[in-house]
Amino acid sequence: MNGNVLVRIDEKQYGPLSHTELRTLVRNGKFAPHDYIWLEDEGEWVPADQIKELDTLFRPVVQHESEKKIIAVGSGKGGVGKTVLSSSIGIGLAALGNEVVLVDADFGGANLHTCMGILEPQYTFLDYYTLQRESLEDILLDTPLNNLKLISGASGILGLANPKYSQKLKLVRELKKLNANYVIMDLGAGSSLSVIDFFIAVDEGILVTSPEPTAIQESFDFVKLCLLRKVQQAFRNEPEVLALLEVDGINSLSQFSAPVDQLLERAQKISSDIASSMEQIITSFRPRLILNSVMEPDEIKEGVAIKTAAAELLSIDIDYMGYVEYDEDVHESVKDLRPFIIHNPRSKAARSLARLITVKLLQKSSIEGFLEKRRMRKRISMTAKEYPSVENLESKTICSVKCFYWDDCEYQNGGHPCRIRHLESLFHS
Ligand SMILES: Nc1ncnc2c1ncn2[C@@H]1O[C@H](COP(=O)(O)OP(=O)(O)O)[C@@H](O)[C@H]1O
Ligand SMILES: [Mg+2]
């Protein structure tokens, strides 16, 4: 169903209406699931609740802000598993009945849609900005799970605009308006402001790292920069405090190396009020940590090493959620364009992640967690049967003017399917 639609409410016909206008009617209670839509292809009126593309319009409304949580998944080093973990966490939470929206906020290398088996997203963030859509709901993509939606990323949009802190906060506020219990943002790697500002603005930040020494070092630097940026933003109107950080930009922030307790001592010299609010900002920053791609039991303690270093040098308490093993199944799942938790729910990695979701993220007790894990696996196994397989996806020709690469595509004249380009990012990461 594309473009504008004709609707029939109480035997009266209206339209053509855009998707946004239709959504407004639903929000205002003027258009109900039993009202009709004209389907041009069928040549007949069909009740709206029988049209799959419209099911986002009528999903149960998550009313209270307290029922909504935005989780950002970030990392210092690239290629450590943010995207594979985000997609599987999204599926796990949705399998337990939550309304979930996965958001590809890696504006430098958007590939979450590919990981979810969507080769040619109908909408991306670009549509939200360029077509000035009213709400992010208008660019939600369906996934094989009814209650899991996806916002596909578009490379370069935020980079182009070089958004201010306030603009990033605005996007987070828009995400908060989505009809979802959980919004999961898959961030880009590294310590640029476009990543850090999202990580500190959301309800919960999950840091992903692998056990390699470079990744551990970069994770620590990432946490340090997040903390300093948080302090910098909180005291942006206090020149004396900013002087303590000796900075006015992130490059200098990264050079700040004094332990945080010394920073607090210096703040105390300015005033005890400033010192106590700084202390509050520092203690309220509690990032979570997942150690991914663990090969040897010995590596598990690398997570504890970051936690200890952060406590001693930054005075913050990292919540080390646990680890996910290195598992060939994860590797296979990426090639099959299926999140690993659905590719093989019994794989080592899938079981470990299921435990982290139920016991750590949802904070279920051991017995409750055990039951939830079983429930999750059952629902995921049912969904797995309907999930599109890579063979189905590959047999479809996906060459299209809507493709990101259309303007500089080397393949279109030969009729070569441009899936090669779509998959590029997977092979380079
Ligand atoms: N637990 C794991 N076991 C095996 N391979 C993994 C695991 N986690 C990630 N990978 C591999 O690492 C690659 C990069 O993961 P990805 O999620 O794209 O990283 P990021 O989003 O952090 O850049 C994946 O394509 C996958 O092959
Ligand atoms: Mg990624």
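Everything below is about the structure printed above this text.
All residue numbers refer to positions counted from 1 along the written sequence of the respective chain. Here chains are named by letter from A upward and ligands by number from 1 upward, in the order in which they appear as written. Local features in this predicted model are restricted to residues whose pLDDT is 70 or higher, and side-chain atom pairs enter the listing and the counts only when it is 80 or higher, whereas totals over whole chains, interfaces and linings include all residues. Values reported for side chains reflect all heavy atoms of the structure, with hydrogen atoms and water molecules removed beforehand.

> I tried to follow the pattern of salt bridges on my own but got confused; where do I start?
It is possible for side chains of opposite charge to pair when their charged atoms get near one another. Definition used for salt bridges: Asp or Glu carboxyl oxygen within 4 Å of a side-chain nitrogen of Lys or Arg. Applying the stated criterion to the full structure yields 14 salt bridges. For Lys-168, the salt bridge goes to Asp-197, with nearest N and O atoms at 2.7 Å. Here the residue Lys-168 occupies a position in helix α6 (residues 165-177), and Asp-197 occupies one in helix α7 (residues 193-201), the gap between them amounting to 29 residues. We call a residue buried when its accessible area falls under 20% of the maximum for its residue type, exposed when it is over 50%, and partly exposed in between, using a 1.4 Å probe and counting protein chains only. Lys-168 gets classed as buried once you look at its relative accessible area, which sits at 5%. The salt bridge partner of Lys-301 is Asp-298, with a shortest N-O separation of 3.0 Å. For Lys-301, a relative accessible area of 46% corresponds to the partly exposed category. Look at the salt bridges and you will find they share partners, linking Lys-69, Glu-204, Arg-288 and Asp-319 into a network. Numbering of helices and strands starts at the N terminus; helices are DSSP runs of H or I of at least 4 residues and strands are runs of E of at least 2.

> Any chance you could explain the nonpolar core here in plain terms?
In globular proteins that are soluble, nonpolar side chains generally tend to be buried together. To qualify as a nonpolar core, a set must consist of buried Ala, Val, Leu, Ile, Met, Phe, Trp, Tyr and Cys residues joined through side-chain atoms within 4.5 Å. With 109 residues, the main nonpolar core has Ile-151 and Met-185 as its most contacted residues. Looking at this core, the element that brings in the most residues is helix α8 (residues 213-234), giving 10 residues. In this description, contact between two residues means that some pair of their heavy atoms is separated by no more than 4.5 Å. Non-local contacts of Met-185, meaning those with residues more than four positions away in its chain, are made with Ile-70, Ile-71, Ala-72, Val-73, Val-103, Ala-105, Leu-175, Phe-198 and Val-202. Listed in part, the 14 residues of the second largest apolar core include Val-7, Phe-31, Val-46 and Leu-57.

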